[in-house]
Amino acid sequence: MSLGSASGASSSGSDFGSGSGAGSGSVPRLVVAAPASGSGKTTVATGLMAAFASRGLAVSPHKVGPDYIDPGYHSLASGRVGRNLDSYMCGPELIAPLFAHGARGCDLAVVEGVMGLFDGASGEGELASTAHVAKLLRAPVVLVVDASSQSRSVAALVHGFASWDPGVRIGGVILNKVASDRHEALLREAMDQSGVPVLGALRRAEEVGTPSRHLGLVPVAERRAEAVAAVAAMGARVRAGCDLEALFALARSAGDVGGGAWDAGEALTSSPPPPLPDPIHAWGPRPLAPRIALRARPQTPDGLRNAPVVAVAGGSAFTFSYAEQAELLAAAGADVVTFDPLRDEQLPDGTRGLVLGGGFPEVFGPELSANEPLRKAVAALAESGAPIAAECAGLLYLSRELDGLPMCGVIDAEARMDARLTLGYRDAVAVSDSSLAEAGTRMRGHEFHRTVVEPGAGATAAWGLRTPVRRVEGFVQRGVHASYLHTHWAGSPGVARRFVERCAGNVGGAGSTGS
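This report concerns the structure included in the present document. Just so we're clear, the structure is a prediction, and the values are computed from it rather than from any experiment.

## Structural notes on the pairing of strand S12 (residues 351-356)
Where burial is concerned, most of S12 is hidden: five out of the six residues are buried. Taken together, the four bridges between strand S10 (residues 309-313) and S12 define a ladder with parallel strand orientation. Within the sheet, the bridge partner assigned to Ala 311 lies in S12 and is Leu 354. Relative to strand S13 (residues 388-391), S12 runs parallel, the two being bridged by three bridges. What sits directly across from Leu 356, in S13, is Ala 390.

## Considerations on the packing of aromatic side chains
In the structure shown here, the tally under the stated rule is 10 aromatic pairs. A ring pair is formed by Tyr 88 and Tyr 425, whose centres lie 4.3 Å apart and whose planes are at 25 degrees; its orientation type is stacked. With Tyr 88 in the loop between strand S3 (83-85) and helix H3 (95-103) and Tyr 425 in strand S16 (residues 411-430), this pair connects stretches of sequence that are 337 residues apart. Taken together, a centroid distance of 5.8 Å and an interplanar angle of 25 degrees make the contact between Phe 118 and Phe 161 stacked. Linking Phe 118 in the loop between strand S4 (108-112) and helix H4 (130-137) with Phe 161 in helix H5 (residues 153-164), this pair joins segments that are 43 residues apart in sequence. Classification of Phe 118 by relative accessible area gives partly exposed; the value is 24%. Taken together, Tyr 68, Phe 320, Tyr 322, Phe 360 and Phe 448 form an aromatic cluster joined through their ring pairs. Seen from the ring of Tyr 88, Arg 444 lies directly overhead, with NZ or CZ sitting 4.1 Å from the centre.

## Overview of the environment of Thr 338
Relative to the elements of secondary structure, Thr 338 occurs in strand S11 (residues 335-339). By relative accessible area, which is 58% here, Thr 338 ends up exposed. The spatial distance from the C-alpha of Thr 338 to the C-alpha of Val 312 is 4.7 Å, given a sequence separation of 26 residues. When near neighbours in sequence (up to four residues on either side) are disregarded, Thr 338 contacts Val 312 and Gly 314.

## A short note on unusual backbone geometry
In this structure, the amide linkage connecting Glu 454 to the following residue, Pro 455, adopts the cis form with an omega of -5 degrees. Turning to its location among the elements, Pro 455 is positioned in the loop between strand S17 (442-454) and strand S18 (463-465). In this structure, Ala 128 takes a positive phi of about 75 degrees despite not being glycine. The class for Ala 128 is buried, based on a relative accessible area of 4%. Unusually for a residue other than glycine, Lys 177 sits at a positive phi of about 60 degrees. Topologically, Lys 177 is positioned in strand S6 (residues 170-178).

About the criteria used
Numbering of residues begins from 1 in every chain and follows the order in which that chain's sequence is written. Local features in a predicted model are, by the rule used here, given only for residues with pLDDT of at least 70; side-chain atom pairs are given and counted only at 80 or more, and totals for whole chains, interfaces and linings are based on all residues. The basis for the side-chain values is all heavy atoms of the structure; hydrogens and waters are excluded. Remark: exposure states derive from per-residue accessible area (1.4 Å probe, protein chains only) relative to the maximum for the residue type, with buried under 20%, exposed over 50%, and partly exposed in between. Numbering of helices and strands starts at the N terminus; helices are DSSP runs of H or I of at least 4 residues and strands are runs of E of at least 2. At least two DSSP bridges between two strands are needed for those strands to be called paired. In this scheme Phe, Tyr and Trp rings, the latter by its six-membered ring, pair at centre separations within 6.5 Å, and the angle between planes marks the pair as stacked below 30 degrees, edge-to-face above 60, and tilted otherwise. Counted as over-ring charges are cases with an Arg CZ or a Lys NZ within 6 Å of the ring centre that also lie within 35 degrees of the ring normal. What makes two residues a contact is simply this: any of their non-hydrogen atoms within 4.5 Å.

Below you can see the structure in the form of structure tokens.
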């Protein structure tokens, strides 16, 4: 049976296999990479997801690295939750299990890379690079090459990438930004000498309706109708210009990664912490506790008297989160309820804890400020001592004001837009005990913002950062933990357990009479 015959029907029972009939570690998979950013990875990866999904295949979408925005487009293309694979924040040993968790029941997985194929965490060798993840997944790489302004040189470029690391298998090339039939013929002729097959050629065209701004693409949640049209256009381009049969055959050549799939419940008690650098005694008199301390004294969710309601901010202003966070909260015993700070004037009934993730409050400042009832409800929840976990956008929302507009006033700080982009991975240590971590707990995260909060740390700081410069950052006060640092809780699942346990012990949540 050909891929064409799978159109409009499930692939179960076809020659292409069904994810439900095979271990998720053996799901056919491709890693879409490029020599550099701007080559067209997102267009090709999203287009492949849409093209294969339109043929009736269950496609599992993944993104290498910490990026929050691309997975939103992946979700539109595939109809499944986009998931990140970040070996810096979660550890290399969790990449295959997290992949298997997301790919369970699927016929194909498409993994979009980050930056250039071999670019990873600064000063950490191959760690967190697309090449590193491809090796951990034993997956073939499809290299997307910007072929504009070159012809025979493309073969030399591909040869260099294909021979640089013998552990990375480049199974084919998709030529992007091809100018004409003549240009394509020249490129294919050159590639014939490289030994790497050409699996597609996409013509030079205007960007497919994916506008960008200060932090990259505009998230799907802010432009749903336009994003649907853009993803459909990407799928059409890929269907017209790529050999889907050959690409699926390449995906089936991936090796079995073995092992089991990640499970939130199991992770709360048995997941080992990722390896981290030697601790540095720099922030406060307490010695650094090993990261495993978060998993001490395990308590099953059944031990909680009632499932505490944990409100999680969503909507257009708060679009940055990793799917595993909500899964871990639920596995730890929480009743996870999403709300929209742009629309909802009150927190969900019975809220005992609050998660304010990342996003773009700076874009929606007037609307967030105008929702005074919710701002007051959040301030009251913080005053009650309830656990509140705020990252980046959440930090801005809890501040006294953002670009001169009143916010929640929980944190005595002012936030404003800034021309400088703050971006990169961070090694961090908890400076103080909080609703998320015990003092001395080591974690890894990343920063990604064009805003500044003044002061940058409270009297009791949240984190001591060792990269790129040593500094303290963030705020801890009562149950509030607010910081610019984005973290992936799958890398430290004990954070979720500690947070939910603190929520269960809070008697002054939203809708209660406690103080």
